[in-house]
Amino acid sequence: MKKANAYVTGMFILSIILTIMFVGGIPSIIIGANKEIWALMGTGIACTAIGFYAMPVAWIMYGSARTLRRVVAAVTDEHLYTVQEIASQLSMDEKSVRGYLDKAFNKGFLAGYKREGDSITLNENIGAEQREKAAECPYCGAKFTYVGHGGRCPYCGSPVKK
């Protein structure tokens, strides 16, 4: 959920910056033209143009990011694990929910979950380095288990590699 929150915050900050650029660019043009400060006028023109075109797109992306965060919260906080449940809870159509779930998985917002069709389950696969392994010490013959790539005999302290 932290990644999704950071993404929404980033989109909000970008939207605010572009809005300020648009609003601040207009007086910069006027002041720059009246005082014959061409750099200020040029900066004002650039800020106004960038803000005019990019600001609406950024606000739309911010709205989409909030919806994406809401879908992630439905899975992680409300424990809704099917597209139908999420669509019903959020009053969205199932096609949109599938799209937002695809985006959430692609951006890594739903780490620890896996999607199987229209269902979401916890990913209980354990990496090879996290599996418990059985070993026998070549020096003292003790049998024990360890986690990782190599362990130490708990009795004599000898390293064991497998």
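Residues numbered from 1 in each chain as written. Predicted model: local features only at pLDDT ≥ 70, side-chain atom pairs only at ≥ 80, totals over all residues. Heavy atoms only, no water.

Before going further, it helps to examine the side chain of Ser158. Within the element layout of this structure, Ser158 appears in the loop between β5 (150–152) and β6 (159–161). With relative accessibility at 13%, the residue Ser158 sits in the buried group. Excluding its chain neighbours within four sequence positions, the residues that come into contact with Ser158 are Cys137, Tyr139, Gly151, Arg152 and Cys153. (Helix = DSSP H or I, 4+ residues; strand = E, 2+ residues; numbered from the N terminus. Buried < 20%, exposed > 50% of the residue type's maximum accessible area, 1.4 Å probe, protein only. Contact = heavy atoms within 4.5 Å.)

Let us look at a nonpolar patch on the surface. Where nonpolar side chains cluster on the molecular surface, the patch consists of Phe12, Ile13, Ile16, Ile17, Ile20 and Trp59 and spans about 520 Å² of accessible area. Turning to its location among the elements, Ile20 is positioned in helix α1 (residues 2–34). Using a relative accessible area of 56% as the deciding quantity, one classes Ile20 as exposed. (Patch = residues over 30% accessible without salt bridge, like charges linked within 9 Å, V, L, I, M, F, W, Y side chains within 5 Å. Areas by Shrake-Rupley, 256 points an atom, 1.4 Å probe, with all protein chains shown as cover. Salt bridge = Lys/Arg side-chain N within 4 Å of Asp/Glu carboxyl O.)

In this section: the environment of Gly25. Looking at the secondary structure, you find Gly25 in helix α1. Linking Gly25 and Thr48, residues 23 residues apart in sequence, is a C-alpha distance of 4.7 Å. Those residues in contact with Gly25, other than ones at most four positions away along the chain, are Ile20, Gly44, Cys47 and Thr48.

What follows is about the packing of aromatic side chains. Evaluated as defined, the whole model comprises seven aromatic pairs. A centroid spacing of 5.3 Å and a plane angle of 50° characterise the contact between Phe12 and Tyr62, whose relative ring orientation is tilted. With a gap of 50 residues between them, Phe12 in helix α1 and Tyr62 in helix α2 (residues 38–76) connect regions that are remote in the sequence. Each ring, one from Trp59 and one from Tyr62, has its centre 5.7 Å from the other, and the planes form 85°; the classification is edge-to-face. Pair noted here: Trp59 and Tyr62 are both in helix α2, with a separation of three residues, about one helical turn. Take Tyr62: its relative accessible area is 15%, and that puts it in the buried class. (Phe/Tyr/Trp six-rings, centres within 6.5 Å; stacked < 30°, edge-to-face > 60°.)

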